[in-house]
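Each chain, written out:
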Amino acid sequence: MRQTLAIIKPDAVGNGRTGRIIAHLESAGFALRAARMVTMTRAQAQSFYDVHRERPFYDALVAFMTSGPCIPMALEAPDAVRRLRQVIGATDPAEADPGTVRALYAESKERNAIHGSDSDGNARREIGFFFPECDRLG
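A quick note: this is a predicted structure, and the numbers were derived from the prediction, not measured.

1. As for the overall build of the protein chain
Scanning the protein chain for helices and strands turns up seven helices and four strands. If one aligns the C-alpha atoms of the protein chain with their principal axes, the spans along those axes are about 35 × 35 × 25 Å. Buried residues in the protein chain amount to 44% of all 138 residues. Sequence-distant contacts, at least 24 apart, represent 77% of the contacts inside the protein chain between residues at least 6 apart. Within the structure as shown, the protein chain displays about 7,000 Å² of accessible surface, and the carbon and sulfur contribution to it stands at 48%. The positive charge centre, built from 18 side chains, and the negative charge centre, built from 17, are 2 Å apart in the protein chain.

Next comes the structure, spelled out in structure tokens:
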């Protein structure tokens, strides 16, 4: 079993889609190992998304992720990172496969309902960012 991080973003939390998204992930075979609701500070969002600092969307992403509460979650499943990326769908919901989280719940490419780690290394780093009290969840 492997772990990955997902974040239900402020748009989906604010629109009351949290329960449906968690149910979708659980029905896709993910076990929820840790979760908490947080409202990120600007400094936290800047640190979390530091890998994108030079990208043109960085400031808008930081502003969006600090606009309201979000729900980071440590999820566990075989091949968790790859499977989560499939289950959540393309960043742009217009390009996401039918039945994926983003096709069902995202508003736009910028307000796309959920974050998913893109590698095992980033999953470990991202889980540690939100759940530093846990060496290994499970």
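2. A closer look at the sheet that holds strand 2 (residues 31-35)
With antiparallel pairing, the four strands of this open sheet are ordered in space as 2-3-1-4. Edge positions in the open sheet fall to strand 2 and strand 4 (114-116), since each of these has one partner strand only. For this sheet the average axis-to-axis angle between neighbouring strands, irrespective of direction, equals 30°. As judged from the three bridges shared by strand 1 (residues 2-8) and strand 4, these two strands associate in the antiparallel manner. Opposite I7, over in strand 4, you have H115 as the bridge partner. Docked against the sheet, helix 5 (residues 80-88) engages strand 1, strand 3 (71-77) and strand 4, running at close to 35° with respect to strand 1. Contacting strand 1, strand 3 and strand 4, helix 7 (residues 120-130) runs over the sheet at an angle of about 60° to strand 1.

3. Notes on the packing of aromatic side chains
Per the stated rule, a full pass over the model turns up four aromatic pairs. Ring centres of F129 and F130 lie 5.0 Å apart, and the angle between their planes is 70°; on these two criteria the pair is classed as edge-to-face. The partly exposed category is assigned to F129, whose relative accessible area is 27%. Residue class for F130 comes out buried when judged on its relative accessible area of 6%. Here the aromatic residues F48, Y49, F129 and F130 are joined through ring pairs into a cluster of three or more. Directly above the ring of F30 sits R83, whose terminal nitrogen or CZ lies 5.3 Å from the centroid.

4. Remarks on the pairing of strand 1
Strand 1 sits mainly inside the fold: six of its seven residues count as buried. Bridging between strand 1 and strand 3 involves seven bridges; their strand directions are antiparallel. Bridge pairing links L5 to A74 in strand 3.

Thresholds, definitions, all that
- Residues numbered from 1 in each chain as written.
- Predicted model: local features only at pLDDT ≥ 70, side-chain atom pairs only at ≥ 80, totals over all residues.
- Heavy atoms only, no water.
- Helix = DSSP H or I, 4+ residues; strand = E, 2+ residues; numbered from the N terminus.
- Buried < 20%, exposed > 50% of the residue type's maximum accessible area, 1.4 Å probe, protein only.
- Contact = heavy atoms within 4.5 Å.
- Areas by Shrake-Rupley, 256 points an atom, 1.4 Å probe, with all protein chains shown as cover.
- Lys, Arg positive; Asp, Glu negative; His and termini not counted.
- Charge placed at Lys NZ, Arg CZ, Asp CG, Glu CD.
- Pairing = 2+ DSSP bridges.
- Axes fitted to C-alpha atoms, helices over the stretch in contact; angles between N-to-C directions.
- Phe/Tyr/Trp six-rings, centres within 6.5 Å; stacked < 30°, edge-to-face > 60°.
- Lys NZ or Arg CZ within 6 Å of the ring centre and 35° of its normal.

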